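# A closer look at the structure
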Amino acid sequence: QVQLVESGGGLVQPGGSLKLSCAASGFTIRDYVMKWYRRVPGKERELVAAITSAGINIYYVDSVKGRFTMSRDTIKNQVDLQMNSLKPEDTAVYYCNAFRAAFLNNNEYWGQGTQVTVSS
């Protein structure tokens, strides 16, 4: 059974840190582009970070560059998002995503999301 399970969300003060984890099962993350998205109610879903299937290239949205670090552990079959210097505007539900392009039907999976709240 294919599954993505996020963990690590919570409430943190501005300037604090959190580490999100996304554990994958039923497939191998090395075959997929792994992404972190976030969504704030009333706003468009935003791509926060992504890592290629080769694990070489990592993308960050400008607003988190220098503060967030995405990594992956192919042994544990999981990806992490280390979030430092958190700001109130980082408050959102964060989702893990796995994507693999295919000729006819792409493969895409989503986690259930984890809430991150940055507030004093």
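Our structure's up above, just so we're on the same page.
Description of the structure in this document.

The rules we used
- Residues numbered from 1 in each chain as written.
- Predicted model: local features only at pLDDT ≥ 70, side-chain atom pairs only at ≥ 80, totals over all residues.
- Heavy atoms only, no water.
- Salt bridge = Lys/Arg side-chain N within 4 Å of Asp/Glu carboxyl O.
- Helix = DSSP H or I, 4+ residues; strand = E, 2+ residues; numbered from the N terminus.
- Pairing = 2+ DSSP bridges.
- Axes fitted to C-alpha atoms, helices over the stretch in contact; angles between N-to-C directions.
- Disulfide = S-S within 2.5 Å.
- Phe/Tyr/Trp six-rings, centres within 6.5 Å; stacked < 30°, edge-to-face > 60°.
- Buried < 20%, exposed > 50% of the residue type's maximum accessible area, 1.4 Å probe, protein only.
- Core = buried A, V, L, I, M, F, W, Y, C linked by side-chain atoms within 4.5 Å.
- Contact = heavy atoms within 4.5 Å.

Let us now look at the pattern of salt bridges. Taken as a whole and judged by the stated rule, the model has five salt bridges. The shortest N-O distance in the salt bridge between D80 and K19 comes to 3.8 Å. In this pair, D80 sits in strand β8 (residues 78-83) while K19 sits in strand β3 (residues 18-25), placing the two residues 61 residues apart along the sequence. Close ionic contact of K65 with D62 constitutes a salt bridge, the shortest N to O distance being 3.0 Å. Connected through salt bridges with shared partners, the residues R38, E46, R67 and D90 form a single ionic network.

Across the sheet, which stays open at both edges, the four strands sit in the order β1-β3-β8-β7 with antiparallel pairing between neighbours. Edge positions in the sheet fall to β1 (3-7) and β7 (68-73), since each of these pairs with one other strand and no more. Neighbour-to-neighbour, the strand axes of the sheet open up by a mean angle of 15°, direction not taken into account. Pairing of β3 with β8 involves six bridges; the strand directions are antiparallel. Within the sheet, the bridge partner assigned to C22 lies in β8 and is V79.

Evaluated as defined, the whole model comprises one disulfide. One disulfide in the model links C22 with C96; its S-S distance is 2.1 Å. Measuring the twist about the S-S bond at about -80°, one finds the C22-C96 disulfide to be left-handed. You can see C22 sitting in strand β3 and its partner C96 sitting in strand β9 (residues 92-100), a full 74 residues away along the chain.

To continue, consider the packing of aromatic side chains. With the rule as written, the count across this model stands at five aromatic pairs. When the ring of Y37 is compared with that of W110, the centres are 5.1 Å apart and the planes differ by 45°; the resulting orientation is tilted. With Y37 in strand β4 (residues 33-39) and W110 in strand β10 (residues 107-110), this pair connects stretches of sequence that are 73 residues apart. Judged by its relative accessible area of 33%, W110 is partly exposed. Between the aromatic rings of Y95 and W110, the centroid separation amounts to 6.5 Å while the plane-to-plane angle is 80°, which identifies the pairing as edge-to-face. Residue Y95 is located in strand β9, and its partner W110 is located in strand β10; the two are separated by 15 residues in the primary sequence.

In terms of nonpolar packing, the biggest core is built from 29 residues, with M34, W36, M70, L81, M83 and Y94 touching the most fellow members. Every element with two or more residues in this core is listed here: β3, β4, β5 (46-51), β7, β8, β9 and β11 (114-118). When sequence neighbours within four positions are dropped, the list of residues in contact with M70 reads M34, K35, W36, A49, A50, I51, I58, Y60, V79, D80 and L81.

Attention shifts here to the pairing of β4. Counting buried positions along β4 gives five out of seven residues, so the element sits mostly inside the fold. Inspection of the sheet shows β4 paired to β9 by seven bridges, in the antiparallel sense. Bridge pairing in β9 links M34 to A98. Direction of pairing for β4 relative to β5: antiparallel, over a ladder of five bridges. From the neighbouring strand, Y37 faces β5, where its bridge partner is L47. In this structure, the hairpin formed by β4 and β5 is closed by a connection of six residues, where G42 is found at a positive phi of approximately 85°.

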